[in-house]
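# A structural walkthrough
The lines below spell out each chain.
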Amino acid sequence: MDYCQKCGNKNDEDAKYCNKCGNYLNKPSSFEKNIEEAAEELGRKAEEFGKRIEKRAKELTQTDEEKAQSTPKHCSDCDVDLDYDAKFCLKCGKEIE
Ligand SMILES: [Zn+2]
Ligand SMILES: [Zn+2]
C-alpha cells in the first residue's frame, strides 16, 4: 500500500499516480535512482580499486627496475662479484657496504 505524499490517500502498491489527486507516486523513479546511485558508487569504488592496483603494479615494476639497475656488489678482498643485495661476501665472509 502506497500513501500519496500530497493528499495521504491510500493507493495500490503498483499505482504510479494517486487515484484521488493524480499526484505522481515517486516510488519507481526513486527506486531507479537508488540503483543508479548504487551503481555509481560501485563504479567509483571499482575505479579507486583499479587505481590502487595500477599504482601498486607501478611500484612493483619500479622496484624491479631499480634492482636491475643496481650494480652488483664486489668484494675488494677476494675480487668476487656479489648480488646487488649481498651483505656479506659469499667467499670470504667480509661485510659488504
Ligand atoms: Zn493524492
Ligand atoms: Zn671476499
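Residues numbered from 1 in each chain as written. Chains lettered and ligands numbered in written order. Predicted model: local features only at pLDDT ≥ 70, side-chain atom pairs only at ≥ 80, totals over all residues.

### Some words on the overall build of the chain
Let me state the cut-off plainly: Comment: elements are numbered from the N terminus, with helices defined as DSSP H or I runs of at least four residues and strands as E runs of at least two. To sort residues by burial, count the other C-beta atoms lying within 10 Å of each one's C-beta; a count of 20 or more means buried, 12 or fewer means exposed, and anything in between means partly exposed. C-beta atoms are built from the backbone. Placing C-beta atoms from the backbone, we regard two residues as in contact once those atoms come within 7 Å.
Within the chain one finds one helix and four strands. For the chain, the α and β elements follow one another from N to C terminus as β-β-α-β-β. For the chain, with 97 residues in total, the buried portion stands at 3%. Looking at the chain alone, contacts between residues at least 24 apart form 1% of all its contacts between residues at least 6 apart.

### Topic: unusual backbone geometry
The backbone phi angle of Asp-79 is positive, close to 55 degrees, even though this residue is not glycine. Looking at where Asp-79 falls in the secondary structure, it is placed in the loop between β3 (73-75) and β4 (80-82).

### Regarding the environment of Asp-77
Along the polypeptide, Asp-77 turns up in the loop between β3 and β4. Residue classification places Asp-77 among the exposed residues on the basis of 11 C-beta atoms within 10 Å. In the structure, Asp-77 is positioned twelve residues away from Cys-89 in sequence and 9.2 Å away in space, judged by C-alpha atoms. The contacts of Asp-77, once residues within four sequence positions are left out, are Cys-89, Cys-92 and Lys-94.

### Quick word on the confidence of the model for the chain
Applied cut-off: What pLDDT reports is the predictor's confidence in each residue, on a scale of 0 through 100.
In the predicted model, the chain carries a mean pLDDT of 86, and 87% of its residues have values of at least 70. By mean pLDDT, helix α1 (residues 27-69) is the weakest element of the chain at 81, and strand β2 (residues 10-11) is the strongest at 94.

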